[in-house]
Amino acid sequence: MICYWCSGYQSHSHHTGLTMGITNKTHIPSTYAKLGGALKNPLAVGAGMVSGMGFGTNTLSAMVTRASHELRQLCIAMGGNPRTIDGLAGMGDLMLTCFSSQSRNQRCGQRLMKGERVEDIQKNCTVEGIATADVAIVYADMCGLELPIFRCVHSLIHKKITPEEAVLDLMGRRSGKETKVLL
């Protein structure tokens, strides 16, 4: 399942240059922290959708748990180190954005479930998760990943499925796939 952006990227080690005369090498390049920071946004739109459909904290927590697995899968397939997603730059950011009522992405998901159009929502604020959902699907397809939450969010944003169809699709899946170790 290794895709590494489908470009032959070979190393997790990244030479980041000189800082105050000291060579700085890291095994968690900032590129992958940024990757997690961007890709969590469509998942936060999905979290808002869950809330907007009237589901409670338990359902939202289950969704975020599965979403973290998808975020980790995509990061690994794109050549990232899974530890990036496991830390604050990944899980911390994902949880904050999914559970915060101040998150533009989370509020967007709620508004979409109330019937508002994406174009109207984006007139007054930038919602990074809308465009990033498209990007996530392109990379998922390139890397051969299923990513059902990303795909449901993308389909709901683009009105390819109804909220009821999304619920049936996600709730009808077998549990346990999110615990598969991907190293």
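Definitions and cut-offs
Residues numbered from 1 in each chain as written. Predicted model: local features only at pLDDT ≥ 70, side-chain atom pairs only at ≥ 80, totals over all residues. Heavy atoms only, no water. Helix = DSSP H or I, 4+ residues; strand = E, 2+ residues; numbered from the N terminus. Buried < 20%, exposed > 50% of the residue type's maximum accessible area, 1.4 Å probe, protein only. Contact = heavy atoms within 4.5 Å. Areas by Shrake-Rupley, 256 points an atom, 1.4 Å probe, with all protein chains shown as cover. Salt bridge = Lys/Arg side-chain N within 4 Å of Asp/Glu carboxyl O. Disulfide = S-S within 2.5 Å. Core = buried A, V, L, I, M, F, W, Y, C linked by side-chain atoms within 4.5 Å. Arc of directions from axis to C-beta. pLDDT = per-residue confidence, 0-100. Axes fitted to C-alpha atoms, helices over the stretch in contact; angles between N-to-C directions. Parallel < 35°, antiparallel > 145°, perpendicular 65-115°, else oblique. Left-handed = near helix turned anticlockwise from the far one by under 90°. Nonpolar A, V, L, I, M, F, W, Y, C, P; charged D, E, K, R; others polar.

A few points about the overall build of the protein chain
(1) Moving on: Regarding its fold elements, the protein chain presents nine helices and two strands.
(2) Moving on: Going from N to C terminus, the protein chain has its helices and strands arranged as β-β-α-α-α-α-α-α-α-α-α.
(3) Moving on: The buried share of the protein chain, taken over its 183 residues, is 42%.
(4) Moving on: Considering only contacts in the protein chain between residues 6 or more positions apart, those separated by 24 or more positions represent 66%.
(5) Moving on: Only carbon and sulfur atoms are counted for the fraction: they give 56% of the accessible area of the protein chain, which is about 9,800 Å².

Describing helix α8 (residues 148–157)
Think of an α-helix as 3.6 residues a turn; residues three or four steps apart then line up on the same face.
(1) Moving on: In terms of burial, α8 is largely enclosed, as nine of its ten residues are buried.
(2) Moving on: Buried within α8 are the following residues: P148, I149, F150, C152, V153, H154, S155, L156 and I157.
(3) Moving on: Just downstream of α8 lies K159, where phi reads positive at about 55°.

Section: the pattern of salt bridges
(1) Moving on: Enumeration according to the criterion identifies ten salt bridges in this entry.
(2) Moving on: We note a salt bridge from R151 to D141, for which the minimum N-O separation is 2.6 Å. Of this pair, R151 sits in helix α8 while D141 sits in helix α7 (residues 128–143), and the two are ten residues apart along the sequence.
(3) Moving on: The partner of R173 in a salt bridge is D169, and the shortest N-O contact between them spans 3.7 Å.
(4) Moving on: By relative accessible area, which is 27% here, R173 ends up partly exposed.
(5) Moving on: Bridged by salt links that share partners, the residues R117, E119, D120 and K123 form one connected network.

Structural notes on the state of the cysteines
(1) Moving on: Going through the model one piece at a time under the given rule, you end up with zero disulfides.
(2) Moving on: Of the cysteine sulfurs around C108, a residue in no disulfide, the closest is that of C125, at 7.2 Å.

A word on the nonpolar core
(1) Moving on: Residues L39, L74, L112, F150 and I157 are the most contacted members of the largest nonpolar core, which totals 41 residues.
(2) Moving on: Elements with a minimum of two residues in this core: α1 (30–52), α2 (57–77), α4 (88–99), α5 (104–113), α6 (118–121), α7 and α8.
(3) Moving on: Residues within four places of L39 in sequence aside, it is in contact with L71, L74, M78, T132, A136 and F150.

Observations regarding α5
(1) Moving on: The set of residues buried in α5 consists of N105, Q106, C108, G109, L112 and M113. Seen along its axis, α5 keeps its buried residues to an arc of 160°; they face one direction.
(2) Moving on: Taken from the residues just after α5, G115 is the one with a positive phi, measuring 100°.

Re the confidence of the model for the protein chain
(1) Moving on: With 78% of its residues at a pLDDT of 70 or more, the protein chain shows a mean pLDDT of 81.
(2) Moving on: Within the protein chain, the element-level pLDDT minimum falls on strand β1 (residues 14–19), averaging 31, and the maximum on α8, averaging 97.

Focus on the packing of α7 against α8
(1) Moving on: For the pair α7 and α8, the least separation of the axes is 9 Å and the interaxial angle reads 130°. Considering the angle they form, α7 stands oblique to α8. Crossing handedness for the pair α7 and α8: left-handed. Residues G129, I130, A133, D134, A136, I137, A140 and D141 of α7 pack against F150, R151, H154 and I157 of α8.
(2) Moving on: Considered class by class, the residues forming the contact of α7 with α8 number seven nonpolar, two polar and three charged.

With respect to the side chain of S68
(1) Moving on: Tracing the backbone shows S68 in helix α2.
(2) Moving on: Residue class for S68 comes out buried when judged on its relative accessible area of 13%.
(3) Moving on: Look past the residues within four positions of S68 in its chain and what remains in contact with it is I85, M91 and L94.

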